[in-house]
Amino acid sequence: MSKVVLITGASRGIGRAEAEKFAREGYQVIANYHNSKERMEQFAQQMTEQGLSVIPMQADVSDEVQVKRMVEEILSQFGHIDVLICNAGIARQSLFTDFTADQWHNMMAVNLDSVFYCCKEALPSMIRRQKGSIITTSSIWGISGASCEVPYSASKAAVIGLTKALAKEVGPSGIRVNCIAPGVIDTEMNGNLTAEVMEELKEETPLCQIGTPQQVADCAFFLAEEGASFLTGQVISPNGGFLI
Ligand code: NAP
C-alpha cells in the first residue's frame, strides 16, 4: 500500500513541488489548497495523466473545523497519514507600526494556528500506529528576524518552538517532527520583489542563486524518509549559505 502524505498549501510554489516530488516517489498525495481550485485541479490532472496520484482537498487551514473535516476525510478514505507537511503560509511586508491587529492575527492564524490544528488532528492516528513524520515550514526570517516582516518572523519563530517541543513530546511514540526553514525561494510569495532586489539577494547568497521549490521539496522528502530516522526536533535551512 502507498504511503500517504498530506501537504498543506500545495496549489503552487513549494507545496506544489513537494506534492510532485512525493507523488513521483510513489506516495499517495493529498494536496490541500485554499483558493486556487482550478490550478490545483489542473495539476492533479497532469499528475494523473502520468500515472501518479494527487488528490486535491480544499480547506482553509487557519480554521480548526475545516482542518478537522479534512483530516477525518483522509483517515476515512486511506486509514492513516504517514507524513504531514505543514507548508501553507502567507507573508506581508510593512512597517511594524503600520500593521493592524487584524493583519497580525491573520498572519498567526495561517502560519501558526494551522500547524497546531493539523498536528493535533493528524497525531492521534500516528500515535496509535507508533509512527509518523511531521514537517513544519518556518523561514530564515523565523531564525534571524526580518525588518518590515515582524509578524511573519514572529509566526515562523513560533513554528520552530512548536516543532522542537512537539518533537520531544511525541518522540517516544515513534513520531519525528522536523522543520524546514527555507531561504529565498523563487515562488509567487516573492513576486512583489523587483528583479533588482532578487539580483541583490542572489549576490548576497554564497551559492549565488535563488532557491527553487524543488530544492526545498528534496529536503522535505529527505526528512520524511528513513535516511532521516535519527533526526527529530531539527531545523534544516535550505538557503544557499545566506544564513549560516
Ligand atoms: P506561495 O507560492 O505564496 O503559496 C502559498 C500556498 O499556501 C498556496 O498553495 C496557498 O493556497 C496556501 N495557503 C495560503 N493560505 C492558506 C490557507 N488559509 N489554507 C490553506 N492553504 C493556504 O508560497 P511559497 O513561497 O510556496 O511558501 C510556502 C511556505 O514556505 C510558506 O509557509 C512560506 O512562509 C514558506 N517560505 C517561503 C519562502 C520563499 O522564499 N518563497 C521562504 C521561506 C519560507 P491557495 O493558492 O489555494 O490559496
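In the block above lies the structure referred to throughout.
What comes next concerns the included structure. The residue numbering used here restarts from 1 in each chain and proceeds along that chain's sequence as written. Side-chain atom pairs in this predicted model are given and counted only at pLDDT of 80 or more, local residue features only at pLDDT of at least 70, and totals for whole chains, interfaces and linings cover all residues. With hydrogens and water stripped out, all remaining heavy atoms of the structure feed into the side-chain values.

1. Observations regarding the environment of Lys156
- Counting from the N terminus, the helices are DSSP H or I runs at least four residues long and the strands are E runs at least two residues long. Its location among the elements puts Lys156 in helix 6 (residues 150–170).
- Judged by its relative accessible area of 3%, Lys156 is buried.
- For the pair formed by Lys156 and Gly241, sequence separation is 85 residues and the distance between their alpha carbons is 19 Å. Think of it in three bands: with a 1.4 Å probe and only protein chains considered, a residue is buried below 20% of the maximum accessible area for its type, exposed above 50%, and partly exposed in between.

2. What to know about the site of the ligand
- A single heavy atom is enough: if one lies within 4 Å of a molecule or strand, its residue is considered near that molecule or strand. Looking at the ligand, there are 31 residues lining it, with Ser11, Ser36, Asn87, Tyr152 and Thr187 nearest.
- N or O atoms closer than or at 3.5 Å make up a polar contact, with two conditions inside protein: a donor-capable atom paired with an acceptor-capable one, and, for residues adjacent in sequence, both atoms drawn from side chains. Between the ligand and Arg12, the relevant distance is 2.9 Å, taken from an oxygen atom to a side-chain nitrogen or oxygen of the residue.
- Take Ile14: an N or O atom from its main chain is 2.8 Å from an oxygen atom of the ligand.
- Isolated, the ligand exposes 910 Å² of accessible area, and the fraction of that covered by the protein chains is 95%. To measure how exposed things are, a 1.4 Å probe is used in the Shrake-Rupley method; for residues, cover is taken only from the protein chains shown.

3. Here's the deal with the pairing of strand 2 (residues 28–33)
- Counting buried positions along strand 2 yields 6 of 6 residues, so the element is predominantly enclosed.
- Two strands make a pair as long as DSSP finds a minimum of two bridges between them. In terms of strand pairing, strand 1 (residues 4–7) meets strand 2 through 4 bridges, oriented parallel. Opposite Leu6, over in strand 2, you have Ile30 as the bridge partner.
- A clockwise path from the first strand over the helix to the second, with the strands pointing away from the viewer, defines a right-handed crossover. Viewed along the sheet, the connection from strand 1 through helix 1 (residues 13–24) into strand 2 turns out right-handed.
- Direction of pairing for strand 2 relative to strand 3 (residues 54–58): parallel, over a ladder of 5 bridges. Across the sheet, residue Ile30 finds its bridge partner in strand 3, namely Ile55.
- One crossover worth recording links strand 2 to the parallel strand 3 by way of helix 2 (residues 37–49), and it is right-handed.

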